[in-house]
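# Structural characterization, general
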Amino acid sequence: MADEAPFQFLHHELIQYIYKTAENGEAENGRNITKLENMGFRVGQGLMERLTKETARFKDELDVMKFICKDFWTCVFKKQIDNLRTNHQGIYVLQDNKYRLLSQLSAGKQYLDLAPKYLAFTCGLVRGALSNLGVKSIVTAEVSIMPACKFQVMIQKM
């Protein structure tokens, strides 16, 4: 677990750097989140390429999502997703009850508005991983009680 602290520190510093170098404003906040998500996308692509090098092909998108929840999440966050739900129509909800990148923030409601910038990188990470497996998706995140969060993955049919 020695590599967990440097990852959390790097993630925090990445967010601070992007927000410090940007100008204030609502439009700029959206651009910052997009930058973080794009960084996560590229990292997710690379990680998935390494993780699936020795893996057999997946049968369907449910197998892909199970791989994301078990192997991919374990590689990045050292634990599996706590809950995976689906409506079997291309929408998956991944729930992490103790999301590591939010666990350092206070659990108070006043910090809920800071959560999106801490979730953007991971949304990109999941989207990039799925993209590498040929699955086009939209990934969003929501937090109602810290440090638990839900990632909603909408698979886009081609």
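Notes on the structure in this doc start here. (Residues numbered from 1 in each chain as written. Predicted model: local features only at pLDDT ≥ 70, side-chain atom pairs only at ≥ 80, totals over all residues. Heavy atoms only, no water.)

### Notes on the pairing of strand β3 (residues 137-142)
Looking at chain direction, β3 and strand β4 (residues 149-155) are connected through six bridges and run antiparallel. Note that in β4 the partner of A141 across the bridge is F151. Between β3 and the antiparallel strand that follows it, β4, lie six residues. (Pairing = 2+ DSSP bridges. Helix = DSSP H or I, 4+ residues; strand = E, 2+ residues; numbered from the N terminus.)

### Considerations on the packing of helix α3 (residues 61-77) against helix α4 (residues 115-132)
Two numbers describe how α3 lies on α4: the axes approach to 11 Å, and their chain directions differ by 130°. Regarding the angle of α3 to α4, the classification is oblique. Both α3 and α4 take part in a crossing whose hand is right-handed. Residue-level inspection shows V64, M65, I68, F72, W73, V76 and F77 of α3 in contact with α4, the latter providing T122, L125, V126, A129 and L130. Looking at the contact of α3 with α4 residue by residue, the class counts come to eleven nonpolar, one polar and no charged. (Axes fitted to C-alpha atoms, helices over the stretch in contact; angles between N-to-C directions. Parallel < 35°, antiparallel > 145°, perpendicular 65-115°, else oblique. Left-handed = near helix turned anticlockwise from the far one by under 90°. Contact = heavy atoms within 4.5 Å. Nonpolar A, V, L, I, M, F, W, Y, C, P; charged D, E, K, R; others polar.)

### Structural notes on the nonpolar core
Among the nonpolar cores identified, the biggest contains 38 residues, and L94, Y99, L102, L119, L130, F151 and V153 are the most heavily contacted of them. Here this core gets ten residues from one element, more than from any other, and that element is α4. Beyond its immediate stretch of four places on either side in the chain, L102 contacts A115, Y118, L119, V143, M146, P147 and C149. (Core = buried A, V, L, I, M, F, W, Y, C linked by side-chain atoms within 4.5 Å. Buried < 20%, exposed > 50% of the residue type's maximum accessible area, 1.4 Å probe, protein only.)

### Observations regarding the side chain of K79
Take K79: it is sitting in the loop between α3 and β1 (83-86). For K79, the side chain forms a polar contact with the side chain of D96, separated by 2.6 Å. Ignoring sequence-local partners within four residues, the contact set of K79 consists of W73, T74, D96, K98 and R100. (Polar contact = N/O pair within 3.5 Å; in protein donor to acceptor, adjacent residues only side chain to side chain.)

### Here's the deal with the packing of helix α1 (residues 4-21) against α4
Close contact between α1 and α4 brings their axes to 11 Å; oriented N to C, the two are set at 115°. Between α1 and α4, the angle falls in the class roughly perpendicular. Note that α1 runs across α4; the crossing there is right-handed. Touching H11, H12, L14, I15, Q16 and Y19 of α1 are K117, Y118 and F121, all from α4. Across the contact of α1 with α4, the residue classes break down as five nonpolar, three polar and one charged.

### Considerations on the pattern of salt bridges
All chains considered together, the criterion is met by four salt bridges. Close ionic contact of R127 with E37 constitutes a salt bridge, the shortest N to O distance being 3.2 Å. With R127 in helix α4 and E37 in helix α2 (residues 26-51), this pair connects stretches of sequence that are 90 residues apart. Put simply, K79 and D82 hold a salt bridge, and the shortest N to O gap is 3.2 Å. Residue classification places D82 among the partly exposed residues on the basis of a relative accessible area of 39%. Taken together, the shared-partner salt bridges in this structure form one network comprising K79, D82 and D96. (Salt bridge = Lys/Arg side-chain N within 4 Å of Asp/Glu carboxyl O.)

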